[in-house]
Amino acid sequence: MLPVNHPISPRAGAVHAGDEAGSALEAFWARAAMSKLETKFALAREMTALPRLPIETLRAVLLQYRYFTRAFIADLAVLVARCPDGRLRSLLGQLVNEELGMGDPEEAHARLYDRFLESIGAIQPGQTPEQLDAAAHPKVSALLHQLGDRTLHRSALYAIGMRGLGGECVCGVYFGVMHVHLREHPFIVANEATIDWRFWDIHAGHADVEHNEQVRASVAELLERLGDGGAVEELAQGYDFGTATWDAFWTAVYREHDVQVS
Ligand SMILES: [Fe+2]
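Residues numbered from 1 in each chain as written. Predicted model: local features only at pLDDT ≥ 70, side-chain atom pairs only at ≥ 80, totals over all residues.

### Thoughts on the overall build of the protein chain
Assigned secondary structure in the protein chain consists of twelve helices and zero strands. The N-to-C order of helical and strand elements in the protein chain reads α-α-α-α-α-α-α-α-α-α-α-α. By the burial criterion, 32% of the 262 residues in the protein chain qualify as buried. Across the protein chain, the fraction of contacts at a sequence separation of at least 24, relative to all contacts at a separation of at least 6, is 86%. (Helix = DSSP H or I, 4+ residues; strand = E, 2+ residues; numbered from the N terminus. Buried ≥ 20, exposed ≤ 12 C-beta atoms within 10 Å, placed from the backbone. Contact = placed C-beta atoms within 7 Å.)

### With respect to the confidence of the model for the protein chain
When pLDDT is averaged along the protein chain, the result is 83; 82% of the residues meet or exceed 70. Confidence, expressed as mean pLDDT per element, reaches its minimum in the protein chain at helix α1 (residues 15-46) with 70 and its maximum at helix α9 (residues 186-190) with 97. Segment residues 1-17: pLDDT under 50, and 28 contacts once partners within four positions in sequence are set aside and those in other chains are kept. (pLDDT = per-residue confidence, 0-100.)

### Points about helix α6 (residues 138-153)
Relative to the 22 Å expected for 16 residues at 1.5 Å per residue, α6 spans 22 Å between its end C-alpha atoms, a close match to the ideal helical length. Along α6, the residues that are buried comprise V140, L143, L144, L147 and T151. Projected down its long axis, α6 shows its buried positions confined to an angular sector of 95 degrees, all on one face. Exposed residues on α6 whose side chains face more than 90 degrees from its buried face are P138, H145, D149 and H153. (Expected span 1.5 Å × (residues − 1). Arc of directions from axis to C-beta.)

### As for the nonpolar core
Formed by 56 residues in total, the largest nonpolar core has its most connected members in L117, I160 and L235. At twelve residues, helix α2 (residues 55-82) tops the list of elements feeding residues into this core. Leaving out residues up to four positions away in the same chain, L117 has contacts with L62, L63, R66, A122 and I123. (Core = buried A, V, L, I, M, F, W, Y, C linked by C-beta atoms within 7 Å.)

### Observations regarding the environment of K36
Structurally, K36 is set in helix α1. Residue classification places K36 among the partly exposed positions, given that 15 C-beta atoms sit within 10 Å. Between the C-alpha atoms of K36 and T243, which are 207 residues apart in sequence, the distance is 9.1 Å.

### Focus on the packing of α2 against helix α4 (residues 109-119)
Packing of α2 against α4 leaves a shortest axis separation of 9 Å and a crossing angle of 170 degrees. By the angle between their directions, the pair α2 and α4 is classed as roughly antiparallel. Residue-level contacts link L62, L63, R66, T69, R70 and I73 of α2 to H109, A110, Y113, D114 and L117 of α4. Per-class residue counts for the contact of α2 with α4 are six nonpolar, two polar and three charged. (Axes fitted to C-alpha atoms, helices over the stretch in contact; angles between N-to-C directions. Parallel < 35°, antiparallel > 145°, perpendicular 65-115°, else oblique. Nonpolar A, V, L, I, M, F, W, Y, C, P; charged D, E, K, R; others polar.)

### Focus on the environment of A244
Within the fold, A244 resides in helix α12 (residues 229-256). For the pair A244 and M162, spaced 82 residues apart in sequence, the C-alpha separation works out to 9.7 Å.

### Things to note about unusual backbone geometry
One non-glycine residue, M102, lies in positive phi territory at about 45 degrees. Positionally, M102 belongs in the loop between α3 (87-99) and α4.

### Focus on the packing of α2 against α6
At their nearest, the axes of α2 and α6 sit 10 Å apart, and the two run at 10 degrees to each other. Comparing the axis directions of α2 and α6 gives the class roughly parallel. In contact with Q64, Y67, F68, A71, A74, D75, V78 and L79 of α2, α6 contributes V140, L144, L147, G148, T151 and L152.

Structural data, given as structure tokens:
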């Protein structure tokens, strides 16, 4: 069983505090939308480097994202264990199910991403899971370890902000921008027909917008029940750490491969 620390429980009779939480939440979403936009602009500049990378470097950069997708699923499952009952908990449970391929491991998102990596030559046929695990960049492993640790040990709201919002929503922005520039790479263009695009079809599409709406509504419901203005602050702190980790991930990977951003 997973250790559950600092469980949060709904408080009764906090009607006025609930209004306060509502406006604090509005302010948080506005700030999150702004940081999402800023991320998009910064990334659009950074990711213009992708099509110019030697194919070996592009493969190495994309391989590192593999470890993020895998760690995300495990952390999401921990969020389900820690989240109070309600819409958000069910939604997170549903996300875990989808991530795992709803009963078919071949449809699991981590597997789909590996199939994409295999189809561009970033994973060699016959490479064992152990060999692949060993290929994680130490900085990437350290960042993922830190996320996993905080998902378990920080407050449940912090963990939800960090992994449910900071990891999920912002990661959608990365996917969208990355996908556009990735498809301009000469190797990718030349091999387009034989590349397995399933992972990207799922993650760089419109489903994301709908999904974000569901997350927002569920978080609002949870905070309404908690009726505590300070809860938004915890959520926001987790969110900030989640987005900063994404930034640190790309910085580490780009630096490692000496990618020059124009
Ligand atoms: Fe996914």
